[in-house]
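Here is what each chain is made of, one letter per residue.
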Amino acid sequence: MTPHDAQALRDERDVLTRENASLRAQLEHALAETERLRRALDEAERGGKRQAAPFSRNTPKANPQPPGRKAGAQYGVRASRPVPARVDEQIRVPVPPTCRHCGGAVRRTATRPQFHEDLVRQTIVRRFDVAVGRCGDCGRHVQGRHPLQTADALGAAHVQVGPEAIALAAQMTKELGSSMPTSPRCCAKAMGYR
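Reading the values: rules and limits
- Residues numbered from 1 in each chain as written.
- Predicted model: local features only at pLDDT ≥ 70, side-chain atom pairs only at ≥ 80, totals over all residues.
- Heavy atoms only, no water.
- Helix = DSSP H or I, 4+ residues; strand = E, 2+ residues; numbered from the N terminus.
- Contact = heavy atoms within 4.5 Å.
- Areas by Shrake-Rupley, 256 points an atom, 1.4 Å probe, with all protein chains shown as cover.
- Lys, Arg positive; Asp, Glu negative; His and termini not counted.
- Charge placed at Lys NZ, Arg CZ, Asp CG, Glu CD.
- Salt bridge = Lys/Arg side-chain N within 4 Å of Asp/Glu carboxyl O.
- Buried < 20%, exposed > 50% of the residue type's maximum accessible area, 1.4 Å probe, protein only.
- Expected span 1.5 Å × (residues − 1).
- Arc of directions from axis to C-beta.
- Polar contact = N/O pair within 3.5 Å; in protein donor to acceptor, adjacent residues only side chain to side chain.
- pLDDT = per-residue confidence, 0-100.
- Disulfide = S-S within 2.5 Å.

## A closer look at the overall build of the protein
Reasoning step 1: Helix and strand content of the protein: 3 helices and 5 strands.
Reasoning step 2: Start at the N end of the protein and walk to the C end: the helices and strands fall as α-β-β-β-β-β-α-α.
Reasoning step 3: Projected onto its principal axes, the C-alpha positions of the protein cover 125 × 50 × 35 Å.
Reasoning step 4: Taking contacts inside the protein between residues at least 6 apart in sequence as the whole, the part at least 24 apart equals 60%.
Reasoning step 5: Accessible surface for the protein amounts to roughly 14,800 Å². Of this, 55% is attributable to carbon and sulfur atoms.
Reasoning step 6: Mean positive and mean negative side-chain charge positions of the protein (32 and 20 charges, respectively) differ by 16 Å.

Structure, rendered in structure tokens:
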């Protein structure tokens, strides 16, 4: 073998070595790209099976607002149902004699109104004069409860919808196919109910 042939073989070896290194780099790049695409496909398949809210985003906000109403002046309009103009039935609700938490004696401290607007062949407005007290032993707030009351609320939500009206609205929406906004409007038109 001549020195010229040996040099040619070395040159060819160097070319093949560079080509081999280039092909290895391309292979590594292709394998990394394949892995990235496989992960993206898996995520897309999982995302298709996962139930998400209609406004869900892939990346959440960096500094989201806290949920719920804001405290203090930022709360917004404090609204409640208006107090009915007339009362058809007035029911006294005494405070229980004993505290349901500790069994201590309860002394009445006040009576606060709660109103129901209910439908029983006609709109009936009941006023519950709920006796309010404080337990003499544990000091907890205690109030009376009547079977016709649908809730214990006495503050901003003290004017409520009665059980017959709730049952009628549920029957209209569930059995008769009426939409949620239509049921109260139907009650208002047909029976003078607010």
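## A word on the pattern of salt bridges
Reasoning step 1: Summed over all chains, the structure comprises 12 salt bridges.
Reasoning step 2: Here Glu 43 makes a salt bridge to Arg 46, at a shortest N to O gap of 2.8 Å. Here Glu 43 and its partner Arg 46 are both found in helix H1 (residues 3–49), 3 residues apart, which amounts to about one turn of the helix.
Reasoning step 3: On the accessibility criterion, Glu 43 (38% relative accessible area) is partly exposed.

## Brief notes about the environment of Ser 183
Reasoning step 1: Take Ser 183: it is sitting in helix H3 (residues 182–191).
Reasoning step 2: Taking relative accessible area as the criterion, Ser 183 reaches 1% and is therefore assigned buried.
Reasoning step 3: In this structure the C-alpha to C-alpha distance between Ser 183 and Val 159, which are 24 residues apart in sequence, comes to 19 Å.

## What about the environment of Leu 9?
Reasoning step 1: In this structure, Leu 9 sits in helix H1.
Reasoning step 2: Residues Leu 9 and Leu 176 lie 167 residues apart in sequence; the distance between their C-alpha atoms is 92 Å.

## Brief notes about helix H2 (residues 163–174)
For an α-helix, the turn length of 3.6 residues means that residues three or four places apart are oriented alike.
Reasoning step 1: Between its first and last C-alpha atoms H2 spans 16 Å; for 12 residues at 1.5 Å apiece the expected length is 16 Å, and the two agree.
Reasoning step 2: Within the sequence span of H2, burial applies to Ala 165, Met 172 and Thr 173. Viewed along the axis of H2, the buried residues span an arc of 90°, placing them on a single side of the element.

## Some details on the side chain of Gln 149
Reasoning step 1: For Gln 149, the position within the fold is in the loop between strand S4 (141–143) and strand S5 (159–161).
Reasoning step 2: Look at Gln 149 and you get buried, because its relative accessible area is 4%.
Reasoning step 3: At 2.6 Å, the side chain of Gln 149 forms a polar contact with the side chain of Gln 114.
Reasoning step 4: Excluding residues within four positions of it along the chain, Gln 149 makes contact with Val 93, Gln 114, His 116, Phe 128, Val 130 and Gly 144.

## Here's the deal with the side chain of Ser 178
Reasoning step 1: Here Ser 178 is to be found in the loop between H2 and H3.
Reasoning step 2: Take Ser 178: its relative accessible area is 18%, and that puts it in the buried class.

## Digging into the environment of Ala 32
Reasoning step 1: With respect to the helices and strands, Ala 32 occurs in helix H1.
Reasoning step 2: Along the primary structure Ala 32 and Thr 150 are separated by 118 residues, whereas in three dimensions their C-alpha atoms are 63 Å apart.

## Remarks on the confidence of the model for the protein
Reasoning step 1: Scored by pLDDT, the protein comes out at a mean of 85, with 91% of its residues at no less than 70.
Reasoning step 2: Ranking the elements of the protein by mean pLDDT puts H3 last, at 73, and strand S1 (residues 89–93) first, at 94.

## As for the state of the cysteines
Reasoning step 1: What the rule picks out here adds up to 0 disulfides.
Reasoning step 2: There is no disulfide at Cys 99, and the cysteine sulfur nearest it, in Cys 138, is 3.9 Å away.
Reasoning step 3: Looking at Cys 102, it has no disulfide partner, and the nearest cysteine sulfur is the one in Cys 135, 3.5 Å off.
Reasoning step 4: Owing to a relative accessible area of 43%, Cys 102 belongs among the partly exposed residues under this scheme.

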